[in-house]
Amino acid sequence: MTQQQEVLALFYLCYCKLNHISPDRQRTKGLDISQLYQISVYHDIGAIVCMALESAGILDNADPQTAKAFRNIRNKSLRKVLLLDNGRAEIFRFLDENKIWHMPLKGVILKDYYPELGMRQMSDNDILYDAAFRKTMQQYMLSQGYTLGAKKAYEDDYFKLPVYNYEMHLSLSSGTMILISANTSKILRNG
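Residues numbered from 1 in each chain as written. Predicted model: local features only at pLDDT ≥ 70, side-chain atom pairs only at ≥ 80, totals over all residues. Heavy atoms only, no water.

**With respect to the packing of aromatic side chains**
In step 1: Tallying each qualifying case throughout the model produces five aromatic pairs.
In step 2: When the centroid spacing of 5.2 Å and the interplanar angle of 90 degrees are considered together, the rings of Tyr37 and Phe70 count as edge-to-face. Of this pair, Tyr37 sits in helix α3 (residues 33–42) while Phe70 sits in helix α5 (residues 64–97), and the two are 33 residues apart along the sequence. The pair formed by Tyr37 and Phe70 is uniform in burial state, with each residue classed as buried.
In step 3: Each ring, one from Phe94 and one from Tyr140, has its centre 3.9 Å from the other, and the planes form 10 degrees; the classification is stacked. One end of the pair, Phe94, is in helix α5; the other, Tyr140, is in helix α7 (residues 134–143), and 46 residues separate them in sequence.
In step 4: By relative accessible area, which is 14% here, Phe94 ends up buried. (Phe/Tyr/Trp six-rings, centres within 6.5 Å; stacked < 30°, edge-to-face > 60°. Helix = DSSP H or I, 4+ residues; strand = E, 2+ residues; numbered from the N terminus. Buried < 20%, exposed > 50% of the residue type's maximum accessible area, 1.4 Å probe, protein only.)

Here's what the structure looks like:
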């Protein structure tokens, strides 16, 4: 198979997995699993590709080292989602207790639309919250063992081992920023 055919087969397998369809064996015959692994790692879709290959019975016949690598990606994805969800629940509990307006953004919401836990690989969690409480949030996150990474005009990035990464957004945009607060809104222009 050419690389283009491999990519089309990869998309086909993911489509089948997402839609609970058994893949046609003819369309997946002769796949280069190691090439699929490289493609899926590059695009951060290794977990869903692993699940698709497993559901089609293809991974069981693959090179054991590549099969193990795929399963490691899937297992790490599952672990990370569970840890990030738990950490986010703690952050939300703090925000709720302190009556600080907040909402999850992007992947935090999208991951729940996948049919299986861990299909969508997460690198971080994005949370929008009331900009008036930036200092309070910073004090809380540091008290919980997080390290403040990038501190931008519109977000603060917090990290903690083993895999915790939360982007705490004050705004939805870095260009013209509307800092969202329950009390007031400020518009700032960059550049």
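**Side note on the nonpolar core**
In step 1: Ranked by internal contacts, the top residues of the largest apolar core, which has 25 residues, are Ile33, Leu53, Leu59 and Phe70.
In step 2: Within the residue set of this core, elements represented by two or more residues are α1 (3–18), α3, α4 (46–55) and α5.
In step 3: In terms of residue count, α4 provides more of this core than any other element does, seven residues in total.
In step 4: Discounting residues that sit within four places of it in the chain, Ile33 has contacts with Leu53, Ile58, Leu59, Ala62, Thr66 and Phe70.
In step 5: Among the nonpolar cores identified, the runner-up in size contains 20 residues, and Ala131, Met141, Tyr146 and Leu170 belong to it. (Core = buried A, V, L, I, M, F, W, Y, C linked by side-chain atoms within 4.5 Å. Contact = heavy atoms within 4.5 Å.)

**Structural notes on α4**
In step 1: Within α4, eight of the 10 residues are buried, which leaves the element mostly enclosed by the surrounding structure.
In step 2: Considered for burial, the residues of α4 that qualify are Gly46, Ala47, Ile48, Val49, Cys50, Met51, Ala52 and Leu53.
In step 3: Along its buried surface, α4 packs onto α1, α3 and α5.
In step 4: A positive backbone phi angle near 75 degrees is found at Gly57, which sits one or two residues after α4.

**Brief notes about the pattern of salt bridges**
In step 1: Per the stated rule, a full pass over the model turns up 11 salt bridges.
In step 2: Among the ionic pairs, Lys111 bridges to Asp112, the shortest N-O distance being 2.8 Å.
In step 3: Owing to a relative accessible area of 11%, Lys111 belongs among the buried residues under this scheme.
In step 4: Given the relative accessible area of 56%, Asp112 is considered exposed.
In step 5: A salt bridge links Arg134 to Asp156; the nearest nitrogen and oxygen atoms lie 2.6 Å apart. In this pair, Arg134 sits in helix α7 while Asp156 sits in strand β4 (residues 155–160), placing the two residues 22 residues apart along the sequence.
In step 6: The class of Asp156 is buried, set by a relative accessible area of 0%. (Salt bridge = Lys/Arg side-chain N within 4 Å of Asp/Glu carboxyl O.)

**Let's talk about the layout of surface pockets**
In step 1: Put simply, the largest pocket is a space of about 170 Å³.
In step 2: In terms of lining, the largest pocket is formed by Asp44, Ile73, Lys76, Ser77, Lys80, Gln121, Met122 and Ser123.
In step 3: When the residues that make up the lining of the largest pocket are grouped by side-chain class, the tally is two nonpolar, three polar and three charged. (1 Å grid on protein atoms, 1.4 Å probe; cavity = no way out; pocket = protein on both sides within 12 Å on 5 of 7 lines; lining within 4 Å. Points joined across faces, edges and corners; volume = space filled by probe spheres on them. Nonpolar A, V, L, I, M, F, W, Y, C, P; charged D, E, K, R; others polar.)

**Things to note about the environment of Tyr113**
In step 1: Tracing the sequence through the fold places Tyr113 in the loop between α6 (107–110) and β2 (125–129).
In step 2: Here Tyr113 falls in the exposed class, since its relative accessible area comes to 67%.
In step 3: In this structure, the C-alpha to C-alpha distance between Tyr113 and Leu18, residues 95 residues apart in sequence, is 10.0 Å.

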